[in-house]
Amino acid sequence: MTLRWETFLEEVRERGEYDSPQEAERAARVVLALLGAHLVGEVRAELAARLPETMALILLNPLQAAEPLNAERFVRATAAWVEGATDATALWDVGAVLSTVADAAGDDLTRRVLLQLPPGYDLLFGRPTAGTRP
């Protein structure tokens, strides 16, 4: 089931404790553009189908990645794309967006997404795997 635009942004806004939907949208656009560069094929298409159309298009037309970023570098890349962000605020943005994405995707699709990503992304999605310590 596709998540509605307003519902998606409200979830991100609440989780990120943003003052406005515009702040939530900014975070979602950056994080999904970076995430889309790391996913391929059916998994990326299935994930896009669960997101609002605007966010799906961002995921399907991602920024270009020269190489897969580990979780730490993904957060730093997010910080680089958000004016005034630090690694700490970018981690907050990433967590707010990716945990909302994980809820929209469901457990099975989220597991398949995580299989395409380097280790450590499970924590960013709010889905720590067994044996992973914070």
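Just so we're clear, the structure is a prediction, and the values are computed from it rather than from any experiment. (Residues numbered from 1 in each chain as written. Predicted model: local features only at pLDDT ≥ 70, side-chain atom pairs only at ≥ 80, totals over all residues. Heavy atoms only, no water.)

Draft legend 1. Region of interest: the packing of aromatic side chains. Taken as a whole and assessed by the stated rule, the structure comprises 1 aromatic pair. Summarising the aromatic geometry, the rings of F74 and Y121 are spaced 5.4 Å apart at their centres and angled 70° between planes, so their arrangement reads as edge-to-face. A residue pair is termed long-range when its members are at least 10 positions apart, and F74 in helix α5 (residues 71-81) and Y121 in helix α7 (residues 121-124) qualify at 47 residues. Considered together, F74 and Y121 belong to a single accessibility category, that of buried residues. (Phe/Tyr/Trp six-rings, centres within 6.5 Å; stacked < 30°, edge-to-face > 60°. Helix = DSSP H or I, 4+ residues; strand = E, 2+ residues; numbered from the N terminus. Buried < 20%, exposed > 50% of the residue type's maximum accessible area, 1.4 Å probe, protein only.)

Draft legend 2. Summary view of the confidence of the model for the protein chain. Looking at the protein chain, pLDDT values average 91 and 95% of them are 70 or higher. Under a pLDDT of 50 for its full length, residues 130-134 has, in the predicted model, 3 contacts with residues more than four places off or in other chains. (pLDDT = per-residue confidence, 0-100. Contact = heavy atoms within 4.5 Å.)

Draft legend 3. Representation of the pattern of salt bridges within the structure. Counted by the stated rule, this structure contains 13 salt bridges. Between E10 and R13 there is a salt bridge, with the nearest N and O atoms lying 2.8 Å from each other. With E10 and R13 both in helix α1 (residues 5-16) and 3 residues apart, this pair spans about one turn of that helix. Residue R13 is classed as partly exposed on the basis of its relative accessible area of 24%. In this structure, R15 and E11 form a salt bridge, with 3.2 Å as the shortest nitrogen-oxygen distance. Taken together, the residues R15 and E11, both in helix α1 and 4 residues apart, mark about one turn of the helix. Judged by relative accessible area, R15 falls into the partly exposed class, the value being 29%. By relative accessible area, which is 28% here, E11 ends up partly exposed. Each member of the salt-bridge network shares a partner with another, and the members are E11, R15, D103, D107 and R127. (Salt bridge = Lys/Arg side-chain N within 4 Å of Asp/Glu carboxyl O.)

Draft legend 4. Geometry of the nonpolar core. F8, L32, L35, L47, F74, Y121 and F125 are the most contacted members of the largest nonpolar core, which totals 45 residues. Mapped by element, the contributors of at least two residues to this core are α1, α2 (21-36), α3 (41-49), α4 (53-60), α5, α6 (87-115) and α7. If one sorts the elements of this core by residue count, α6 sits on top with 12 residues. Apart from residues no more than four positions distant in its own chain, F74 is found in contact with V31, L34, L35, H38, L69, V94, L98, Y121 and L124. (Core = buried A, V, L, I, M, F, W, Y, C linked by side-chain atoms within 4.5 Å.)

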